[in-house]
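Read off the chains here:
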Amino acid sequence: MNDKAVEPVTWETFAQGLWKENPVFVMMLGLCPALAVTNTAMNALAMGLATTFVLICSGFLVSLLRKVIPKQVRIASYIIIIATFVTMADYGIKAISLDLYQALGAFIQLIVVNCIILGRAEAYASKNTPLKAIVNGTGMGVGFTLALLCLGVVREVLGSGSLFGVMIMPERFQPWSIFVLPPGGFFVLAAWLMVFSYVRKRKTLAEAA
Amino acid sequence: MTDSTPPAVPAPASGVRLIVTLGGIAVFSGILLAMTYEFTKPYIARNESEALEAAVFDVLPGAVSRVNYRLDEQGLQQLDDDNVDQANLYAGIDGEGERVGFALPGEARGYADVIRVLYGYDHETRQIIGLKVLSSNETPGLGDRIIRDEDFQENFKSLDASLTHDIVTVKSGEKENPWEIDGISGATVSSVAIGKALRESTRTWLPKLSQALEEGP
Amino acid sequence: MDPSSPLFIFLNAFLINNFVLAMFLGLCPFLGVSGKIKTAGNMGIAVTFVMLVSSICAYGLNVVLSRYDLEFLRLISYIAVIASAVQLVEMAIKRFSPALFRALGIFLPLITTNCAILGLALFQTAREYNFVQSLAFALGAGAGFTLALLLMAGLREKLELAEVPDLARDAAMSLMIAGLLSLAFMGFAGLGG
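Reading the values: the criteria
- Residues numbered from 1 in each chain as written.
- Chains lettered and ligands numbered in written order.
- Predicted model: local features only at pLDDT ≥ 70, side-chain atom pairs only at ≥ 80, totals over all residues.
- Helix = DSSP H or I, 4+ residues; strand = E, 2+ residues; numbered from the N terminus.
- Rg over C-alpha atoms; globule rule 2.2 N^0.38 Å.
- Buried ≥ 20, exposed ≤ 12 C-beta atoms within 10 Å, placed from the backbone.
- Contact = placed C-beta atoms within 7 Å.
- Nonpolar A, V, L, I, M, F, W, Y, C, P; charged D, E, K, R; others polar.
- Expected span 1.5 Å × (residues − 1).
- pLDDT = per-residue confidence, 0-100.
- Pairing = 2+ DSSP bridges.

**Concerning the overall build of chain B**
Step number 1: Across its full length, chain B carries 4 helices and 9 strands.
Step number 2: The order of helices and strands in chain B, counted from the N terminus, is α-β-β-β-β-β-β-α-α-β-β-β-α.
Step number 3: The C-alpha radius of gyration computed for chain B amounts to 26 Å, which surpasses the reference 17 Å derived for 217 residues by more than 25%, pointing to a less compact arrangement than a globule.
Step number 4: Taken along the three principal axes of its C-alpha coordinates, chain B extends 90 × 45 × 30 Å.
Step number 5: Out of the 217 residues in chain B, the part that is buried amounts to 33%.
Step number 6: The long-range fraction of contacts in chain B, counting pairs at least 24 apart against all pairs at least 6 apart in sequence, stands at 53%.

Have a look at this one:
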């Protein structure tokens, strides 16, 4: 098996998850939390960080055990590992802030079925060194968090007039509540996707020229 | 640089190896989780206790310390903080050691889900003196005005809870009696739910509380 | 209508707080599979069935875990149960309707990572539903999921003949439709009094 582990860790290992393979905007994975908890920027940030934590830890452990786990039970093993770290994140958030915990609700535990994590474990962590898995996991996590923040910031500013709880819109601004409601989530994501695809198109045209 | 020979297919692992690996991972994860649980337990308990205390002080203006009680068929029992999860009502004591009032819970279904409230009750004047929405999922900007709207909050500074009449939410601006709550127009379902929560909770708890207080400590 | 009655819980999960359009659960198959009405319908039925099985198992598991104070194992055990339930359903479908099995293809095992199933188990636990309420919840969620999928598939079929601007192809367009559907479903709020 061509073990990619011998390739060195590069900037690409990290940056992959930011732009080219951004989990939300490019790979369209992990949409459930992306829409459900981005009604405020704070929730979006917390969810992004929790997911990043699980990505890094599970990637590390899966990579560490990659030669030990038999092929037949690998998915089951990955899921147990991921579920463990998700539960840890769950209790961690509860211990840090009850308010945050209530705001995020069951979606913290739903990180375990976030296709990004299982996908990364299967496609990357099981085939690379722990160090590369950590770096790549961090990149993916940061990309995911940034995507969530894009959604969260827009939705909170337009939908509540605030940012991270601080009112930033002028008093006379009537918040567009739709944006913090479910339909708004869909619309904002659709808008960002269009922006993304426009920028990508311009980039490919520029590179081709 | 390409491989000249196809990669060797690893022999399928034996059943024993499968079970041992899975079992090993499961045991490791179980240990890790048990450790996390034990480690975070005190922090979580402290958070919950602080949140509860903040809520109690919110609905009982002037209170600086809290006493936990359990009210059931055996009467009113004081509980210490170790058994706080068995408490179903609380008292707030002010700086002079006088009781400001009791804090009781209530709940009713709102627009989206169940709304949970804590309200402050002054036994001397038979009035509700404060209300705090503990958890709600009401529509932001509309239903959640039960939390933000200051005029709505005014309703709960001296709401008649002598039970001569049921507490009820009326249309915005039509409040005439001290046991009525002025609703929020545009958030009817949510404000009616608050009225329902208070009505049912007062009807359930206040008679028992009066009886227990009369029977003495 | 009494909010704790099974009928209300069913309506709630089906229409008022539709699992896909209001609770954001089950989006991956919703955006990915729904191209043809028939496939969408079959997927919906398979998911509903898995939901029912998972709901019952989750209820039982929760009773056991609570009795022995092992709540921190809840997530892991739920996932294990769901994965097994999906395996069982897959084998059952393969046996009783090979045509359906082929039609669903890769999507069947993917139901395991469908947040709707785990979400169902977690919400049912958080809301402390009893057995009958849990069943009603699972049925409503499955029906709601199927309804959303069918609506999306129907709209997508119509869209294939429309002129969509390049930028908004595929995903963006599906999301905007989903947003409009979600908006429409908000009209169900207040149903059941």
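So, next bit.
**Some remarks on the overall build of chain A**
Step number 1: Each helix and strand in chain A was counted, giving 8 helices and 2 strands.
Step number 2: Taken from N to C terminus, the helices and strands of chain A fall in the order α-α-α-α-α-α-α-β-β-α.
Step number 3: In terms of overall size, chain A behaves like a compact globule, its C-alpha atoms giving a radius of gyration of 18 Å where 209 residues would be expected to give roughly 17 Å.
Step number 4: With the principal axes as the frame, chain A shows a C-alpha extent of 65 × 55 × 25 Å.
Step number 5: Partitioning the intrachain contacts of chain A with sequence separation of at least 6 by distance along the chain shows that 77% fall at a separation of at least 24.

**Notes on the interface of chain A and chain B**
Step number 1: Chain A puts 24 residues into the contact, and the matching count from chain B is 24 residues.
Step number 2: Contributions of two or more residues to the side of chain A that touches chain B are made by α4 (74-96) and α5 (98-104) of chain A.
Step number 3: A per-element tally of the side of chain A that touches chain B places α4(A) first, with 11 residues.
Step number 4: In terms of residue class, the side of chain A that touches chain B is built from 14 nonpolar, 9 polar and 1 charged.

**Details of the interface of chain C and chain A**
Step number 1: Taken together, the contacts link 29 residues of chain C with 29 residues of chain A.
Step number 2: Considering every element that reaches the side of chain C that touches chain A, the biggest residue donor is helix α9 (residues 171-185) of chain C, with 8 residues.
Step number 3: Residue composition of the side of chain C that touches chain A, by class: 24 nonpolar, 5 polar and no charged.

**A few points about helix α3 (residues 41-64) of chain A**
Step number 1: Compared with an ideal rise of 1.5 Å per residue, which puts 24 residues at 34 Å, α3(A) spans 34 Å between its outermost C-alpha atoms and is within 8% of the ideal.
Step number 2: The buried fraction of α3(A) is high, at 17 of 24 residues.

**Brief notes about the confidence of the model for chain B**
All names here are of chain B.
Step number 1: Looking at chain B as a whole, the pLDDT averages 80, with 90% of positions reaching at least 70.
Step number 2: Averaged over each element, pLDDT in chain B is lowest for helix α2 (residues 145-148) (77) and highest for strand β5 (residues 114-122) (86).
Step number 3: In the model, residues 1-5 has pLDDT below 50 throughout and makes 1 contact with residues more than four positions away in sequence or in other chains.
Step number 4: The ipTM for the predicted assembly is 0.82, set against a pTM of 0.81.

**Overview of the environment of I115(B)**
All names here are of chain B.
Step number 1: The residue I115 is located in strand β5 in this model.
Step number 2: Sequence separation of I115 and V133 is 18 residues, and the distance between their C-alpha atoms is 7.3 Å.
Step number 3: The contact partners of I115, leaving out residues within four places of it in the chain, are E107, A108, G110, V133, S136, A193, I194 and A197.

**Here we look at the sheet that holds β5(B)**
Residues and elements named next belong to chain B.
Step number 1: Overall, antiparallel pairing links the 7 strands, which are arranged β2-β1-β3-β4-β5-β6-β7 in an open sheet. Only two strands of the sheet have a single neighbouring strand rather than two, namely β2 (75-79) and β7 (159-160).
Step number 2: With 7 bridges connecting them, β5 and strand β6 (residues 127-135) associate as antiparallel partners. Paired with Y121 across the bridge in β6 is I128.

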